[in-house]
Protein chains: 2
Amino acid sequence: MTEISSLGEFGLIDRLTDKLEAVNESTKKSVGDDAAVLEYKDKEVLVTTDLLLENVHFDLTYVPLQHLGYKAAVVNFSDVYAMNGTPKQITVSLGISRRFTVEHIEALYAGIRRACEVYGVDIVGGDTCSSHQGLVISITCIGEGEKDRIVYRDGARDTDLICVSGDLGAAYMGLQLLEREKVASAGQKDFQPDFGGKEYIIERQLKPEARRDIVAALAREGIKPTAMMDVSDGLSSELIHICKQSHTGCRIYEDRIPIDYQTAIMAEELNMNLVTAALNGGEDYELLFTVPLADHERIKKIEGVKVIGYVTKEDLGCAMITRDGAEIPLRAQGWNPLKDEK
Amino acid sequence: MTEISSLGEFGLIDRLTDKLEAVNESTKKSVGDDAAVLEYKDKEVLVTTDLLLENVHFDLTYVPLQHLGYKAAVVNFSDVYAMNGTPKQITVSLGISRRFTVEHIEALYAGIRRACEVYGVDIVGGDTCSSHQGLVISITCIGEGEKDRIVYRDGARDTDLICVSGDLGAAYMGLQLLEREKVASAGQKDFQPDFGGKEYIIERQLKPEARRDIVAALAREGIKPTAMMDVSDGLSSELIHICKQSHTGCRIYEDRIPIDYQTAIMAEELNMNLVTAALNGGEDYELLFTVPLADHERIKKIEGVKVIGYVTKEDLGCAMITRDGAEIPLRAQGWNPLKDEK
């Protein structure tokens, strides 16, 4: 194990960014100057940023550092895909406390680099400093979009179809499982939890992927969504965002919400309401979007996308129609660390 | 005083970003979507980022929140000017612990907004979350530069003149003074330190400015520096960066280093070596740059810029020539929180 103080800031940065080679044409100058230089010409530049703090956004007792790095990068890529764009560069700032060694930070960085490799993104800069408390990760992602293809949150219109990719609630159930095992293993050394049959929900929590495949499929089918977001705070909360900004209402059907069977089994086991988990769980990083009714046939051709409801006029509000035909108003109970903090 | 939990994340963001109007043409879509949308067309995009942590980078016992916000923004602008560019947008991520109220964060944000107003920069996004420890501020700045006007660190050439703007060591001496008063006032309520005659060094520490005036003057005089950086870690450290990346050496003259008289008086009072403070103090945010010898007459026309030495061949190394003609090798003793941490 190598103490970080033995390398210093510049030594650590040199080590982390060793053999970092840019793959994107838009990356003109990467790490090593006051600022990175990018060239975007006829494309629009998309910028998004995320701040992750230890014990608020992640718990290192059950999150491996490499996975954490991967996820920290991917959640930013997801925001760029949610604009119908393509992530191209990130900057990575780290605040590191003394309990971390060089090897720890290398593992974290390996995860970030791996995500960049998979998604074709360049690391172009950042900042590294010591933290007196836990680990701090701040990532900013820069991406590109074609002017007439960028999708905002405010374009949903009455009668549009509401679509969602993949399935919902799995990441949240994965988190519940990890939390349960953490409590169960407290104080036991070398405790090996058995996640057999629950690999999917664990993976959804620890190593989410951004849905670039869906963005590609939409382009292939010639569909431009009228509004789009990624589901990070929960379906309910995101739907309300889209409707509020678009001045519309919506209706979604309980029985249309896509849920994986492992998510369902876990909810059963923990005696939790499955639909609540799927509506408010968060961290799914699926794409939620609306398309004109006329695109119905084309949407059906895209594997892994489900129509879950439709957009209405604003005065009808946002509601879910349950299996027995009742209407329940949607509420933004999303994952909100500022409000939920104890 | 308003508790942040009473507003929640979205409520707080709404309040902080209220009436935020973009002033730059390149800002197409600001806060409120998954990513900001910028349009840079024929300009290069410059990206830089900084992470500031409480009790590592700032001490709230003597730094007013509004000044902290101003400084956090300005140090990022400074990095963009150091590329010979112009800052245009920032994203602001905040990690906030429970001891802060809405009014505290509004004061911090007021400082950030004020800096943006002064420098013509738009706030286009960010992230706000709770922190279990202190205050975390992560700012990313995006700017523009003309392709053939951008200045890197690696272009210095043998015989180039080394220039620096303003004066050095003042911010460091301001910090020493604040630290001394903090110790002196420990436990005393309503202690009012007397900073009479030392306003300049206090201001240099608490409310630095970025040297856009120098960037403008260089353009006006038709000068394109061969290499440029801002002095954030100390003159010595920055000079070594430029020489290392440019494969050159350098000679600077002790008696040419610009130092304000308040800096000198404070060093005297604290029994500190004045030149060491000016070489290694850090946080000056002045511009350090090199120009071809042929630009000598033109450089002289720019007020507030001083020629402090010249670039040499690499094998001569980096050194300072003292008042009595001795050569002392420059060392990177710069401000390095990762190495200095106790």
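Residues numbered from 1 in each chain as written. Chains lettered and ligands numbered in written order. Predicted model: local features only at pLDDT ≥ 70, side-chain atom pairs only at ≥ 80, totals over all residues. Heavy atoms only, no water.

### A closer look at the relation of the copies chain B and chain A
Point 1. At an RMSD of 0.0 Å, chain B and chain A line up after a rotation of 180° and a shift of 0.0 Å along the axis. Given the turn and translation reported, the copies of this chain are related as if by a two-fold rotation axis. Measuring from the rotation axis to each C-alpha of chain B, the shortest distance belongs to Lys41 of chain B, at 2.1 Å.
Point 2. Comparing interface residues between copies, 99% of those in chain B also sit at the interface in chain A, which points to an isologous, same-surface contact. (Least-squares fit on C-alpha atoms with pLDDT ≥ 70 in both. Contact = heavy atoms within 4.5 Å.)

### Quick word on the pattern of salt bridges
Point 1. Counted by the stated rule, this structure contains 47 salt bridges over all chains.
Point 2. Across the pair Glu254 of chain A and Arg323 of chain A runs a salt bridge whose closest N-O atoms are separated by 3.6 Å. Of this pair, Glu254 of chain A sits in the loop between strand E8 (248-253) and helix H8 (261-269) while Arg323 of chain A sits in the loop between strand E11 (318-321) and strand E12 (327-329), and the two are 69 residues apart along the sequence.
Point 3. Relative accessible area serves as the criterion here: at 14%, Glu254 of chain A is assigned to the buried category.
Point 4. Here the salt bridges share partners, and the residues they tie into one network are Lys147 of chain A together with Lys28, Glu39 and Lys41 of chain B. (Salt bridge = Lys/Arg side-chain N within 4 Å of Asp/Glu carboxyl O. Helix = DSSP H or I, 4+ residues; strand = E, 2+ residues; numbered from the N terminus. Buried < 20%, exposed > 50% of the residue type's maximum accessible area, 1.4 Å probe, protein only.)

### A look at the sheet that holds strand E11 (residues 318-321) of chain B
Residues and elements named next belong to chain B.
Point 1. The strand order across the open sheet formed by seven strands is E7-E9-E6-E10-E8-E11-E12, and the pairing between neighbours is mixed. Edge positions in the sheet fall to strand E7 (227-230) and strand E12 (327-329), since each of these pairs with one other strand and no more. Between one strand axis and the next, the sheet turns through 25° on average, direction left out of account.
Point 2. The sheet contact formed by strand E6 (residues 161-165) and strand E9 (residues 287-291) spans four bridges and is antiparallel. (Pairing = 2+ DSSP bridges. Axes fitted to C-alpha atoms, helices over the stretch in contact; angles between N-to-C directions.)

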